[in-house]
Amino acid sequence: VNGEGMENSITDVTFKGSKPTTGLSATDDAESMDIAIYAGTLSITQANNAEYTIYSASGTAAQSGVIENSSINISNLPTGIYILSVNGKAIKFAK
């Protein structure tokens, strides 16, 4: 993370209702992406087949890959605060 590529970071984050456990909505002028966490899986709209990287709060890469079926398995990540980087966007989430 180290500030690189953050010029396109998300400025609007809103929390949704109690289901899923954590829901974030990130929007800019060009594109919208909704993220929800269900039982160790990040569900992401409008990002299928995109490459992603998940960074820990300390800025080290914790996981990376390609989003398949609009979801990312995060069951192997320990509880904590993370930053998901996908499609030039950075979105903070808690597990």
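What counts and what doesn't
- Residues numbered from 1 in each chain as written.
- Predicted model: local features only at pLDDT ≥ 70, side-chain atom pairs only at ≥ 80, totals over all residues.
- Heavy atoms only, no water.
- Helix = DSSP H or I, 4+ residues; strand = E, 2+ residues; numbered from the N terminus.
- Buried < 20%, exposed > 50% of the residue type's maximum accessible area, 1.4 Å probe, protein only.
- Contact = heavy atoms within 4.5 Å.
- Areas by Shrake-Rupley, 256 points an atom, 1.4 Å probe, with all protein chains shown as cover.
- Core = buried A, V, L, I, M, F, W, Y, C linked by side-chain atoms within 4.5 Å.
- Pairing = 2+ DSSP bridges.
- Axes fitted to C-alpha atoms, helices over the stretch in contact; angles between N-to-C directions.
- Phe/Tyr/Trp six-rings, centres within 6.5 Å; stacked < 30°, edge-to-face > 60°.

A. Up close: the overall build of the protein chain. The number of helices and strands found in the protein chain is 0 helices and 9 strands. Counting helices and strands in the order they occur from the N terminus, the protein chain gives β-β-β-β-β-β-β-β-β. The buried share among the 95 residues of the protein chain stands at 35%. Across the protein chain, every contact between residues at least 6 apart in sequence was considered, and the portion connecting residues at least 24 apart equals 39%. Carbon and sulfur atoms make up 46% of the accessible area of the protein chain, which totals about 5,600 Å².

B. Highlighting the environment of isoleucine 37. As for its position among the elements, isoleucine 37 is in strand E3 (residues 32-38). Linking isoleucine 37 and phenylalanine 93, residues 56 residues apart in sequence, is a C-alpha distance of 8.9 Å.

C. Molecular detail of the nonpolar core. Judged by nonpolar contacts, the single largest core of 17 residues is most densely connected at Leu42, Ile54, Ile72 and Leu84. For this core, the secondary structure elements donating two or more residues are E3, strand E4 (41-44), strand E5 (51-56), strand E8 (81-86) and strand E9 (89-94). It is E8 that provides the largest number of residues to this core, a total of 3 residues. Those residues within four positions of isoleucine 54 in sequence are excluded, and the remaining contacts are Leu42, Thr60, Ala61, Ala62, Gln63, Ile72, Ile74, Leu77, Tyr82, Ile83, Leu84 and Phe93.

D. Layout of the sheet that holds E9. Reading across the sheet, the 4 strands line up as E6-E5-E8-E9 and stay open at both edges, with antiparallel pairing between neighbours. Looking at strand neighbours, the two that pair on one side only are strand E6 (61-66) and E9, the edges of this open sheet. On average, each strand axis in the sheet is tilted by 20 degrees relative to the strand beside it, whichever way the strands run. Bridge analysis of E5 against E6 gives 5 bridges, and the strand direction is antiparallel. Within E6, the residue paired with isoleucine 54 across the bridge is glutamine 63.

E. Inspection of the packing of aromatic side chains at higher detail. Inspection of the entire model under this criterion finds 1 aromatic pair. Each ring, one from tyrosine 82 and one from phenylalanine 93, has its centre 5.7 Å from the other, and the planes form 25 degrees; the classification is stacked. Of the two residues, tyrosine 82 is situated in strand E8 and phenylalanine 93 in strand E9; the sequence distance between them amounts to 11 residues. Using a relative accessible area of 5% as the deciding quantity, one classes tyrosine 82 as buried. Note on phenylalanine 93: relative accessible area 3%, which makes it buried.

No statement about biological role is implied by the geometric values presented.
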